[in-house]
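Topology and contacts: notes
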Amino acid sequence: MSVLQGSVAALGNKMPKVLSSKAHAIADYATIGTFFALAWIFWRRNTRAAISALICGGAELTTTLLTDFPGGVADVISLPTHIKIDYGLAAAASSMPSLMAFDDRPEAKWFRILGLNVTAVAALTDTRSGLRTERRKSAA
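Residues numbered from 1 in each chain as written. Predicted model: local features only at pLDDT ≥ 70, side-chain atom pairs only at ≥ 80, totals over all residues. Heavy atoms only, no water.

1. Observations regarding the packing of helix H4 (residues 79-99) against helix H5 (residues 108-123)
Following both chains from N to C, one finds H4 and H5 inclined at 170 degrees, their axes separated by 8 Å at the closest point. By the angle between their axes, H4 is roughly antiparallel relative to H5. Between H4 and H5 the crossing geometry is left-handed. Here Ile83, Asp86, Tyr87, Ala90, Ala93, Ser94, Met96, Pro97 and Ser98 of H4 come into contact with H5, specifically with Ala108, Phe111, Arg112, Gly115, Val118, Thr119, Ala122 and Ala123. (Axes fitted to C-alpha atoms, helices over the stretch in contact; angles between N-to-C directions. Helix = DSSP H or I, 4+ residues; strand = E, 2+ residues; numbered from the N terminus. Parallel < 35°, antiparallel > 145°, perpendicular 65-115°, else oblique. Left-handed = near helix turned anticlockwise from the far one by under 90°. Contact = heavy atoms within 4.5 Å.)

Encoded structure:
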């Protein structure tokens, strides 16, 4: 994790948790859409950046679909676990330009921006709000 991402995570962890699980899911899907749109935009001019965007978007999509929160499809992982995975995905997204050797290209900034976005959303999410398993338990 870069110094900037670590700073965002540390600062975010001290701030009030202002995002509900539903807002987190919406932010996740917006991030996924951005990664896939970037893959389409980058495909002709930088295939390595496009493939990196597909990898990052696919990883985030998989995590989001498997999370037990509004917007998730299967209740495989909990939101606190999803948050931990998000920190790893943010670090991976930020390091993709170096890993895929396009660090000196303008496309690299998008991966750092989206890595910071994922870090900030994870740090500001209230993990106790609106989980589907809570609703199911209270209905029973």
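2. What about the pattern of salt bridges?
Taken as a whole and judged by the stated rule, the model has 3 salt bridges. The shortest N-O distance in the salt bridge between Arg45 and Glu107 comes to 3.0 Å. Separated by 62 residues along the polypeptide, Arg45 in the loop between helix H2 (21-42) and helix H3 (47-65) and Glu107 in the loop between H4 and H5 bring together distant segments of the chain. Residue Glu107 is classed as buried on the basis of its relative accessible area of 2%. As a salt-bridge pair, Arg112 and Asp103 come within 2.3 Å of each other at their nearest N and O atoms. One network of salt bridges, with partners in common, ties together Arg45, Arg105 and Glu107. (Salt bridge = Lys/Arg side-chain N within 4 Å of Asp/Glu carboxyl O. Buried < 20%, exposed > 50% of the residue type's maximum accessible area, 1.4 Å probe, protein only.)

3. Considerations on H4
Over its 21 residues, H4 extends 28 Å from the first C-alpha to the last, a length consistent with the 30 Å expected when each residue adds 1.5 Å. The sharpest bend along H4 reaches about 30 degrees and sits at Ala93, with the proline Pro97 one to four residues further on. Every buried residue of H4 is accounted for by Leu79, His82, Ile83, Asp86, Tyr87, Leu89, Ala90, Ala93, Ser94, Met96 and Pro97. Ala101 sits one or two residues past H4 and shows a positive phi near 60 degrees. (Expected span 1.5 Å × (residues − 1). Bend = angle between axes of the 7 residues up to and from the residue.)

4. A few points about the confidence of the model for the chain
On average, residues of the chain score 88 in pLDDT, and 83% of them reach the 70 mark or higher. Put simply, helix H6 (residues 132-139) is where the chain has its lowest mean pLDDT, 50, and H3 is where it has its highest, 98. (pLDDT = per-residue confidence, 0-100.)

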